[in-house]
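Structural overview for review
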Amino acid sequence: MATLFSTTFTTPNPITSKSILHYNHHFTVKCNAYAPPPLPPAVQTFWKWLSDEKIVSAKSPAKPGTVTEGLGLVAQRDIGRNEVVLEVPKKFWINPDTVAGSEIGRVCNGLKPWISVALFLIREKKQIDISDWRNYINILPEFTDSTIFWSQEELSEIEGTQLLSTTLSVKEYVENEFVQVQEQVILPNKQLFPFVITLDDFIWAFGILRSRAFSRLRGQNLVLIPLADLINHSSTITTEDYAYEIKGAGLFSRDQIFSLRSPIPVKAGQQVLIQYDLNKSNAELALDYGFIESTPDRNTYTLTLQISESDPYFEDKLDIAESNGTKAIQYFDITLGRPLPPKMLPYIRLVALGGTDSFLLESIFRNSVWDHLELPMSRDNEEVICQVVRSACQSALSSYRTTTEEDEKLKEGNIDPRLEIAIGIRKGEKMVLQQIDEIFKDREMELDEYEYYQERRLRDLGLVGEQGDIIFWEPK
């Protein structure tokens with residue numbers, strides 16, 4: 001029997017994140033009681049630099065503030081919905097163009113964009129000759145609660161989860177890239193990098209980019225925007241529209257400006273917040289930013305379905321799969337509380353297709369086979385997929401260190417933020433697995449009630465009566 005699915009999780013593109021660093025709970029302070037805590041010296045220096053450069057002023061709608069997450073943007077006055085909060089000219093962005101124009105630009109030519117920017121950040125942080133960029137570098141954290149910064153003991157708390165395998169894959173990817181760039185760029189150019197650069201330095205820069213870099217911007221796939229990247233996330237904001245954009249500096253100017261808007265009204269003394277990404281799962285949020293949400297539909301489990309190369313019908317099945325927008329190995333994200341992805345059941349029926357059902361793989365059916373797979377093929381085929389999926393779910397559930405009930409008890413009281421993430425991740429994954437198992441358990445119990453291909457075919461030919469009995473004609 002072809003392998004139907006495993007519990008692997010697709011390693012995400014290491015640099016496809018939008019900003020930002022800190023998770024937040026909705027932060028509300030009455031205006032007449034607001035007394036902002038003093039800013040750390042590095043943040044004060046950073047603000048003065050931006051003021052000297054005319055990016056901000058005393059009249060700016062928002063400025064950095066000490067908040068429950070660490071740093072955030074706090075409104076200095078009431079801000080209206082979709083009102084511009086700040087604007088940052090292109091010359092104050094950090095992106096591959098910034099690197100190209102720097103002293104290390106020539107040795108970074110041809111590197112992956114994120115690697116070149118990572119080297120730029122590390123160099124600005126370590127070099128003795130201080131540039132203006134140090135004003136920004138000095139306010140960057142040494143780590144976040146992203147799982148790439150977790151210790152082995154902390155990672156053991158997500159044992160059995162897909163997040164653990166993803167985290168380890170990402171760290172391995174970063175390490176491999178570091179080894180290459182160290183050999184090809186860092187060591188051969190000691191005059192540009194006259195200091196020791198370690199894997200930890202490289203992971204730090206990767207984590208900064210993962211958590212703070214804006215993407216999905218016109219002409220910018222990877223860019224750090226100082227000040228703008230202090231903005232925190234709110235789960236209560238359910239739109240990403242119009243939060244930020246790149247626009248022209250003026251009618252007759254070719255310069256570009258990054259413009260940040262508030263998606264909701266904000267009172268003076270409150271944080272200005274945005275929605276980072278509505279489509280990210282809790283695992284992705286934990287990996288990118290170091291937080292999760294309690295929203296049920298953030299809990300996702302990825303099923304990996306595969307047409308085995310040892311399947312005697314491999315070529316035919318692969319042709320059918322590719323003709324219908326799927327592949328030999330196909331990933332399906334299952335979200336808590338939502339139906340199965342539309343193509344999942346047809347695909348899994350195709351994977352399990354065999355025996356007397358294999359006639360459907362003949363070329364005469366090639367243009368209509370997927371339509372047939374949208375519905376149950378045969379009792380044997382449907383029973384196989386139910387049994388295999390349920391078995392895989394039970395196997396995955398047995399790999400966790402705790403039960404869902406135990407996780408609930410552990411959440412009681414004050415716990416470390418990283419442990420809270422771990423509990424939420426493993427509980428969420430288990431809930432999705434239990435949901436999948438329940439779906440196929442119900443299907444298994446209803447096998448005798450389904451109408452299968454042969455019955456549908458007879459009905460189409462008019463050979464089945466209203467009561468489902470087969471009609472026979474006696475010779476006259």
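Structure: see above.
My aim in this report is to walk through the structure given alongside it, one point at a time.

Reading guide: rules and limits
- Residues numbered from 1 in each chain as written.
- Predicted model: local features only at pLDDT ≥ 70, side-chain atom pairs only at ≥ 80, totals over all residues.
- Heavy atoms only, no water.
- Helix = DSSP H or I, 4+ residues; strand = E, 2+ residues; numbered from the N terminus.
- Buried < 20%, exposed > 50% of the residue type's maximum accessible area, 1.4 Å probe, protein only.
- Contact = heavy atoms within 4.5 Å.
- Salt bridge = Lys/Arg side-chain N within 4 Å of Asp/Glu carboxyl O.
- Axes fitted to C-alpha atoms, helices over the stretch in contact; angles between N-to-C directions.
- Parallel < 35°, antiparallel > 145°, perpendicular 65-115°, else oblique.
- Left-handed = near helix turned anticlockwise from the far one by under 90°.
- Nonpolar A, V, L, I, M, F, W, Y, C, P; charged D, E, K, R; others polar.
- Arc of directions from axis to C-beta.

A few words on the environment of Ser294. Note that Ser294 resides in the loop between helix H9 (282–288) and strand E9 (300–306). Along the backbone, Ser294 and Gly428 are 134 residues apart, and their C-alpha atoms lie at a distance of 9.2 Å.

What follows deals with the environment of Thr161. Relative to the assigned elements, Thr161 resides in the loop between helix H6 (152–155) and helix H7 (162–186). The exposure class of Thr161 is buried, given its relative accessible area of 5%. Excluding anything up to four places from it in sequence, Thr161 contacts Tyr400, Ile425, Arg426 and Glu429.

As enumerated under the stated definition, the model contains 30 salt bridges in all. Residue Lys112 pairs with Glu177 through a salt bridge whose shortest N-O separation is 2.6 Å. Of this pair, Lys112 sits in the loop between helix H3 (105–108) and helix H4 (113–126) while Glu177 sits in helix H7, placing them 65 residues apart in sequence. On the basis of relative accessibility, which here comes to 10%, the residue Glu177 falls in the buried class.

Attention shifts here to the packing of helix H13 (residues 379–397) against helix H15 (residues 417–445). Axis separation between H13 and H15 bottoms out at 9 Å; the angle between their running directions is 155°. Judged by the inter-axis angle, H13 sits roughly antiparallel to H15. Crossing handedness for the pair H13 and H15: left-handed. In contact with Glu382, Ile385, Cys386, Gln387, Val389, Arg390, Cys393, Gln394, Ala396 and Leu397 of H13, H15 contributes Lys430, Leu433, Gln434, Ile436, Asp437, Phe440, Lys441, Arg443 and Glu444. Residues belonging to the contact of H13 with H15 are distributed by class as follows: 9 nonpolar, 3 polar and 7 charged.

Right, let's get into helix H10 (residues 314–323). Of all the residues in H10, the buried ones are Phe314, Lys317, Leu318, Ile320 and Ala321. Seen along its axis, H10 keeps its buried residues to an arc of 165°; they face one direction. Exposed side of H10, more than 90 degrees from the buried face: Glu315, Glu322 and Ser323 are the residues found there. Close packing links the buried residues of H10 with helix H11 (344–352) and helix H12 (369–373).

Below, the discussion takes up the packing of H7 against helix H8 (residues 199–212). Contact geometry for H7 and H8: axes closest at 10 Å, N-to-C directions at 120°. If you check the angle between H7 and H8, you find them oblique. Handedness of the crossing formed by H7 with H8: right-handed. Between H7, through Val170, Lys171, Val174, Glu175, Glu177, Phe178 and Val181, and H8, the contact on the second element is made entirely by Leu199, Phe202, Ile203 and Phe206. Within the contact of H7 with H8, the residues separate by chemical class into 8 nonpolar, no polar and 3 charged.

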